[in-house]
Each structure stands twice: as structure tokens, then as C-alpha cells.
Amino acid sequence: MSAHDVKLFGDQIAAARLEDRFANMKASSLLRLAIEDLFPGRIALVSSFGADSAVLLHMVSRIDPNTPVVFVDTGQHFEETLGYRDALVERLGLTNVIVAEPDAKTLEAEDPEKFLFASDPDRCCEIRKVLPLAGALEGYDAWITGRKGFQSVTRSRVPLFEAEGERVKVNPLIGWSASEILDYIRAADLPPHPLVAKGFPSIGCLPCTSRVAPGEDIRAGRWRGRTKSECGIHTEPLSAGQDI
Ligand code: SF4
């Protein structure tokens, strides 16, 4: 199915059809199909270079190392994440990494002290993550996410293919278990994010990520103590023109 079909039939229907057709496919085969056949030249992997990101980055590097990989540099990342990003990019030979950054004027006007996360984390995520990603994805018909069903109750219901306005989100690892992720990382001899061993199984921005105790939900350290559980890039269709 092409992006033309996606638009022709309506994104919800198209995503549902893709889901039915490819539900049992292995993640790497599904990725190859999406990159080479379904959306050639019109699909990007969005990566946070977090705890499990090496799996998809490795698969994509094997299919085509020039596949666009979008990283949103919020300006609030751990130094370890930026170092890990650079090391993985070199190790995997990725040649098309796009760094999306927040709009400088918006930051100057709304978050000059880098403290908006404390008073209004939703707006902080909006200007530091959602809008830069929306801008970077303009012109693409599909994007690949690294979400896993075991990460949270909300994510356990996410399908393989998901409609997002006129775009399709592909979630190749949604059915993977935590042990399958670990097995893949070991088998491919991929380096771990340095913060995983320090108690961070899910890694976002420094001010909004804390250690997780044994037995806690894997994303319990994200926005701890707040009702917030997602940054917003997956909660509504991305649009670069929204509420700047
Ligand atoms: S995770 Fe925290 S610091 Fe990062 S963009 Fe969202 S609110 Fe801001």
C-alpha cells in the first residue's frame, strides 16, 4: 500500500488495513517493507537515543544507513544522551541524522531561564519537543517510533500501524517484550545507554527524569509526581503550525 492509497482511503482505514496485513511480520522485515516499499524516501525514524533506541537504529542502519533519523534536541537532555547519540551514530554508520531544535525566539520569550518544565511542563514539551518534531517531519508521509507495549498501560493498546492525520506512524516494536529487547541488544552487541545501569530504564529530559525503583512501571521516573505521562508527540496529530 502506498502513501497515495493512505490518502485515498483515509488514514484511519489505511492504517487498519496495514495492521491486518502485516501484524505477524518480524520487526526488521516490517521496517524494510516500510522503508523500501511502502514509503520510499518519505519515511523517517524518530529516535530519542534513549534506553532501547539502539534496536531500531541498528535495524534501520542495516536496511539503509541513509534513512532519515530525527532527534529532537530539547536543550534539556542529559549529557550522557548526547554522547550516546554521537557514539551510536558513528558505530552504526548512520549518515542522515537530522537534529530538530526549538525555535530560539519562542524559547527567549517563554523559557529564557530553562525553568518552564516546573511551572508548565505541557507547554515546555510543546515548544521544546512537539513543535520542533512537527517541523522536522513536514514532507514525510510516515514516521517510525520506538514505543513498546510493555512501557505503560496506555502504550499496551497501540497498534503496529497508526493513523496520524495524513501520516502513518509505524510502531515495529510495539509487541516486543523487555527481554526480547535485551536479547536483541546482546546479540547485536550494541552499547547500552550509560544511564540504564544507574537506574534509568526510560530516559527523557534531565529535569523530568528520575530513577525507577525495582517493581515500578518502567516510565514511573518520567514527570514523577505529576499527572503527565507523555510529552505530547503521540497524543495528537503533529502540526508545525500549532499554537506557536
Ligand atoms: S520533558 Fe521536561 S524539560 Fe523536556 S520538554 Fe518536556 S517538560 Fe520540558
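Criteria and thresholds
Residues numbered from 1 in each chain as written. Predicted model: local features only at pLDDT ≥ 70, side-chain atom pairs only at ≥ 80, totals over all residues. Near = placed C-beta within 6 Å. Helix = DSSP H or I, 4+ residues; strand = E, 2+ residues; numbered from the N terminus. Nonpolar A, V, L, I, M, F, W, Y, C, P; charged D, E, K, R; others polar. Buried ≥ 20, exposed ≤ 12 C-beta atoms within 10 Å, placed from the backbone. Pairing = 2+ DSSP bridges. Right-handed = clockwise from strand over helix to strand, strands pointing away. Axes fitted to C-alpha atoms, helices over the stretch in contact; angles between N-to-C directions. Parallel < 35°, antiparallel > 145°, perpendicular 65-115°, else oblique. Left-handed = near helix turned anticlockwise from the far one by under 90°. Contact = placed C-beta atoms within 7 Å. Core = buried A, V, L, I, M, F, W, Y, C linked by C-beta atoms within 7 Å.

### As for the site of the ligand
By nearness alone, 13 residues border the ligand, and Cys-124, Cys-125, Arg-128, Cys-205 and Cys-208 come closest of all. At 5 residues, helix 8 (residues 121-136) tops the list of elements feeding residues into the shell around the ligand. For the shell around the ligand, the residue count by class is 8 nonpolar, 3 polar and 2 charged.

### Topic: the pairing of strand 2 (residues 69-72)
In strand 2, alternate side chains face the same way, and those of Val-69 and Phe-71 on one face and Val-70 and Val-72 on the other are all buried. In terms of strand pairing, strand 1 (residues 43-46) meets strand 2 through 2 bridges, oriented parallel. When the bridges of strand 2 are listed, Leu-45 appears paired with Val-69. Taken together, strand 1, helix 4 (residues 53-63) and strand 2 form a β-α-β motif whose crossover is right-handed. With 4 bridges connecting them, strand 2 and strand 3 (residues 97-100) associate as parallel partners. Bridged to Val-70 within strand 3 is Ile-98.

### Side note on the packing of helix 3 (residues 27-38) against helix 4
It is the contact of helix 3 with helix 4, at a shortest axis distance of 10 Å, that shows an interaxial angle of 55°. Considering their axes alone, helix 3 and helix 4 lie oblique with respect to each other. Regarding helix 3 and helix 4, the two cross each other, and that crossing is right-handed. On the side of helix 3, the interface is formed by Ala-27, Ser-28, Leu-31, Arg-32 and Ile-35, while helix 4 contributes Met-59, Val-60 and Ile-63. Across the contact of helix 3 with helix 4, the residue classes tally to 6 nonpolar, 1 polar and 1 charged.

### Overview of the nonpolar core
Counting residues in each nonpolar core, the largest one holds 53 residues, and the members touching the most others are Ala-34, Val-70, Leu-133 and Ile-144. Per-element accounting of this core gives the leading share, 7 residues, to helix 8. Residues contacting Ala-34, with those up to four places away along its chain left out, are Phe-39, Ile-43, Ala-142, Ile-144 and Val-170.

### Notes on unusual backbone geometry
The phi torsion of most residues other than glycine is negative, and most of the peptide bonds are trans. Positive phi, close to 50°, is recorded for Phe-49, a residue that is not glycine. Structurally, Phe-49 can be placed in the loop between strand 1 and helix 4. Judged by local crowding, Phe-49 falls into the buried class, with 24 C-beta atoms found within 10 Å. The phi torsion at Trp-223 lies on the positive side, around 50°, for a residue other than glycine. On the basis of neighbour counts, which here come to 22 C-beta atoms within 10 Å, the residue Trp-223 falls in the buried class.

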